[in-house]
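Notes for the structure review
Here are the chains, one letter per residue:
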Amino acid sequence: MWRRVTLEVRLDHPPSRVYPYFADPGRWPEFAPAVDTRRPLDSGPLQVGNRRAAVDRIGPFRIRFTDVLEVVEPDRRVVWHSTSPWNSRVEYVCTPDAGGTLVHADYGGDVAAGLRLVALLPTFVLARILRRDFTGLRRVLEAADRARARSRISGPDPSVG
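Residues numbered from 1 in each chain as written. Predicted model: local features only at pLDDT ≥ 70, side-chain atom pairs only at ≥ 80, totals over all residues. Heavy atoms only, no water.

A look at the overall build of the chain
Note the threshold: Here a strand is any run of E in DSSP of at least two residues, a helix any run of H or I of at least four, and the numbering for each starts at the N terminus. Relative accessibility thresholds used throughout: buried, under 20% of the residue-type maximum; exposed, over 50%; partly exposed, between the two (1.4 Å probe, protein chains only). Here, residues are in contact when the closest pair of their heavy atoms is within 4.5 Å. Computed by Shrake-Rupley with a 1.4 Å probe, the accessible areas treat only the displayed protein chains as cover when residues are assessed. Charge counting treats Lys and Arg as positive and Asp and Glu as negative, with His and both chain ends excluded. To locate a charge, take NZ of a lysine, CZ of an arginine, CG of an aspartate or CD of a glutamate.
Along the chain, the regular secondary structure elements total three helices and seven strands. Along the chain, from the amino end to the carboxyl end, the secondary structure elements read β-α-β-β-β-β-β-β-α-α. If one aligns the C-alpha atoms of the chain with their principal axes, the spans along those axes are about 65 × 35 × 30 Å. Going through the 161 residues of the chain one by one, you find that 39% of them count as buried. Within the chain, contacts between residues at least 6 apart in sequence are counted, and of these 51% link residues at least 24 apart. For the chain, the computed accessible surface area is about 9100 Å², with 57% contributed by carbon and sulfur atoms. Both charge centroids of the chain, one from 25 positive and one from 19 negative side chains, sit 5 Å from each other.

Observations concerning the packing of helix α1 (residues 15-23) against helix α3 (residues 123-153)
Let me state the cut-off plainly: Fitted lines through C-alpha atoms give the axes, limited to the stretch in contact for helices. The angle between two N-to-C directions lies from 0 to 180 degrees. Roughly parallel here means an angle under 35 degrees, roughly antiparallel means over 145, roughly perpendicular means 65 to 115, and every remaining angle is called oblique. Each helix crossing is assigned a hand: it is left-handed if the near helix lies turned anticlockwise from the far helix by less than a right angle, otherwise right-handed if that turn is clockwise.
The contact between α1 and α3 brings their axes to 11 Å, and the two run at 130 degrees. Here α3 runs oblique to α1, going by the angle between their axes. Remark: the crossing between α1 and α3 carries right-handed chirality. Counting all contacts with α1, which are made through R17, V18, Y21 and F22, the residues of α3 involved are F134, L137, V140, L141, A144, D145 and R148.

Observations regarding the packing of aromatic side chains
Geometrically, a pair of aromatic rings is defined through the distance of the ring centres and the angle of the planes. As a reminder of what qualifies: Under the pairing criterion, centres of Phe, Tyr and Trp rings, with the six-membered ring standing for Trp, must be within 6.5 Å; the plane angle then separates stacked pairs below 30 degrees from edge-to-face pairs above 60, leaving the rest tilted. Counting as a charge over the ring demands two things of the Lys NZ or Arg CZ atom: a distance within 6 Å of the ring centre and an angle within 35 degrees of the ring normal.
The full count for this structure, using the stated rule, is seven aromatic pairs. With 6.5 Å between their ring centres and 85 degrees between their planes, F22 and F31 make a pair best called edge-to-face. For the residue pair F22 and F31, the accessibility class agrees, reading buried in each case. Put simply, the rings of Y21, F22, F31, Y92, Y107 and F134 pair up and form one aromatic cluster. Above the plane of the ring of Y21 lies R27, whose end atom (NZ or CZ) is 3.8 Å from the centre.

As for α1
P15, V18, Y19, Y21, F22 and A23 are the residues of α1 that are buried. Contact partners of the buried residues in α1: β1 (2-11), β4 (61-73), β5 (77-82), β6 (88-97), β7 (100-110) and α3.

A closer look at the pairing of strand β3 (residues 51-58)
Counted only if it meets this: One bridge is not enough; two strands pair if DSSP finds at least two bridges between them.
Note: strand β2 (residues 35-40) against β3, five bridges, orientation antiparallel. Within β3, the residue paired with P40 across the bridge is R52. In this structure, β3 lies alongside β4, joined through eight bridges in antiparallel fashion. If you follow V55 over to β4, its bridge partner there is R64. Between β3 and β4, which pair antiparallel one after the other, the connecting turn spans two residues, and G59 there sits at a positive phi close to 60 degrees.

Quick word on the pattern of salt bridges
Filter applied, for reference: Every case where a carboxyl oxygen of Asp or Glu lies within 4 Å of a side-chain nitrogen of Lys or Arg is listed as a salt bridge.
One pass over the structure, following the stated rule, counts 17 salt bridges. Two residues, D42 and R51, come together in a salt bridge whose shortest N-O distance is 2.9 Å. The partly exposed category is assigned to D42, whose relative accessible area is 27%. Each of E70, E73, R76, R77, R89 and E91 takes part in a single network of salt bridges with overlapping partners.

In structure tokens:
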């Protein structure tokens, strides 16, 4: 069953801070509630064709598949393809927006097997579930900002001077 969900989300951080999270699936468990793990299957720098062994949590179930990098445009656009049972593609486009980033996220797929039940959810419900990833990413970025501010307040750098 083919489904498509498109989201536009604004984050108060520049693309140089936002994009790395979309480009590195190893960081997705930090902010995406359904993501259990993403383990590299290929070594070397990020490039088209890189694969990740993937596990997502859907309720009590663990779904295993592979993510494959289809497009990489640093600090701007990344596209990942997920194999069966998701049979999906997600594209993240990061555009500078008044000191922040406007993220256009396009999710599309033809889910297979038992996951077809997920595809039966109304589009607004799927969009709400996917928006949780952006809520989580916003929290991660804000926590990093607070940690950076605390380190500046904690005193002069002993290595300087």
